[in-house]
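# Descriptive structure summary
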Amino acid sequence: MIQIAICDDEEAAVFLHEGIVKKCLQEGGIGHKITTYMHSDNLLYDITEDGFFYDLILLDIEMPNMSGMEISEKIKPYLPGVKIIFITSHLEYAIDAFELSIFRYVPKNNLERRLVTAVTDAAKLIELEAGQEYTIQTSSRLERIPYKAICYIQRDGKNASIVSDAGVSKVRKSLQQVYDELNAQEFIFIDRGCIVNIIQIIKISDGMAALKNGEQLPISRSHLQKVKQEINRFWGAHI
């Protein structure tokens, strides 16, 4: 079930957005729970003080006391994987959402069509990220790493090391063996010694893959074109 928060200082807007979200998710057969807020302070308190969890948050950018931009900055440390959809009447805010880790900007003058698309796409991505786990099992330990938490896997001598949100996990298998066991379209080789999770990539620039965790990994010249193609193919298939 997808956990969703909607925050707008206007009651009519909250009801409107809630109705659109409910309708599109019900039509898509996607389980969900929606919590609404008309005061940004209450949303922020629930997340930072009471530990509320949300997969998706819809925010009006232009709110009194605290803007949607300010709220998103304060929320991110507590919910690093949250998808945020900004609703705005000012196009100057619509800068590169991909690099800012903001999922989508929705203009108020084209609200219903654009919001349905944005919420549906976000729900697909959330369901995708909530998927499988990679299991490391030896005589002394059993470790399960969610695919969505894996940033990249690199060659470590004859074996492999998985770098995830939880740290580094060593695997007594070759990089190719790990890749074959993952058997998932979101994992791609960016050079002979490194596999990256496409979901973790926020930008490709100057032959480097910038990841959500702040790391930058070099893409070999021989892999660069294929990496770009695979990223486009992956997101084209899932969003």
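Residues numbered from 1 in each chain as written. Predicted model: local features only at pLDDT ≥ 70, side-chain atom pairs only at ≥ 80, totals over all residues. Heavy atoms only, no water.

### Description of the packing of helix 2 (residues 40-48) against helix 3 (residues 68-75)
Interhelical geometry of helix 2 versus helix 3 gives an angle of 5 degrees and a closest axis separation of 10 Å. The angle between helix 2 and helix 3 places the two elements in the roughly parallel class. Of the residues in helix 3, those touching helix 2 at S40, L43, L44, I47 and T48 are I71, K74 and I75. (Axes fitted to C-alpha atoms, helices over the stretch in contact; angles between N-to-C directions. Helix = DSSP H or I, 4+ residues; strand = E, 2+ residues; numbered from the N terminus. Parallel < 35°, antiparallel > 145°, perpendicular 65-115°, else oblique. Contact = heavy atoms within 4.5 Å.)

### Comments concerning the sheet that holds strand 13 (residues 201-205)
As summarised here, the arrangement of the three strands in space is 13-14-15, forming an open sheet in which the pairing is antiparallel. Edge positions in the open sheet fall to strand 13 and strand 15 (216-218), since each of these has one partner strand only. Adjacent strand axes in the sheet meet at a mean angle of 25 degrees, parallel and antiparallel pairs treated alike. Pairing geometry for strand 14 (residues 208-211) and strand 15, over three bridges, is antiparallel. Within strand 15, the residue paired with A209 across the bridge is L217. (Pairing = 2+ DSSP bridges.)

### Considerations on the nonpolar core
In this structure, I4, L58, I85 and L115 are the most contacted members of the largest nonpolar core, which totals 23 residues. Elements with a contribution of two residues or more to this core: strand 1 (2-7), helix 1 (11-27), strand 3 (56-60), strand 4 (83-88) and helix 5 (111-129). Looking at this core, the element that brings in the most residues is helix 5, giving eight residues. Here L115 is in contact with H17, I20, L58, I85, I87 and V106, once residues within four sequence places are set aside. Judged by nonpolar contacts, the second largest core, of 19 residues, contains L43, L44, V82 and Y105. (Core = buried A, V, L, I, M, F, W, Y, C linked by side-chain atoms within 4.5 Å. Buried < 20%, exposed > 50% of the residue type's maximum accessible area, 1.4 Å probe, protein only.)

### With respect to the sheet that holds strand 4
The five strands lie next to each other as 2-1-3-4-5, forming an open sheet whose pairing is parallel. Edge positions in the sheet fall to strand 2 (32-37) and strand 5 (104-107), since each has one partner strand and no second. Taking the axes of each pair of neighbouring strands and ignoring which way they run, one obtains an average angle of 20 degrees across the sheet. Pairing analysis gives five bridges linking strand 3 to strand 4, with the strands arranged parallel. Within strand 4, the position partnered with D60 by the bridge is I87. Against the sheet, helix 1 makes contact with strand 1, strand 2, strand 3 and strand 4, and its axis sits at roughly 175 degrees relative to strand 2, the strand it touches most. Against the sheet, helix 3 makes contact with strand 3, strand 4 and strand 5, and its axis sits at roughly 150 degrees relative to strand 3, the strand it touches most.

### Some remarks on the state of the cysteines
The full count for this structure, using the stated rule, is zero disulfides. In this structure C151 is not part of a disulfide, and its nearest cysteine sulfur, from C194, lies 11 Å away. (Disulfide = S-S within 2.5 Å.)

### Regarding unusual backbone geometry
Comment: phi is negative for the bulk of residues other than glycine, and the bulk of peptide bonds are trans. You will see that N183, though not glycine, has its phi angle at about 50 degrees, which is positive. Within the fold, N183 resides in the loop between helix 6 (175-182) and strand 11 (187-191). Unlike most non-glycine residues, D206 shows phi in positive territory, near 55 degrees. You can see D206 is positioned in the loop between strand 13 and strand 14. By relative accessible area, which is 77% here, D206 ends up exposed.

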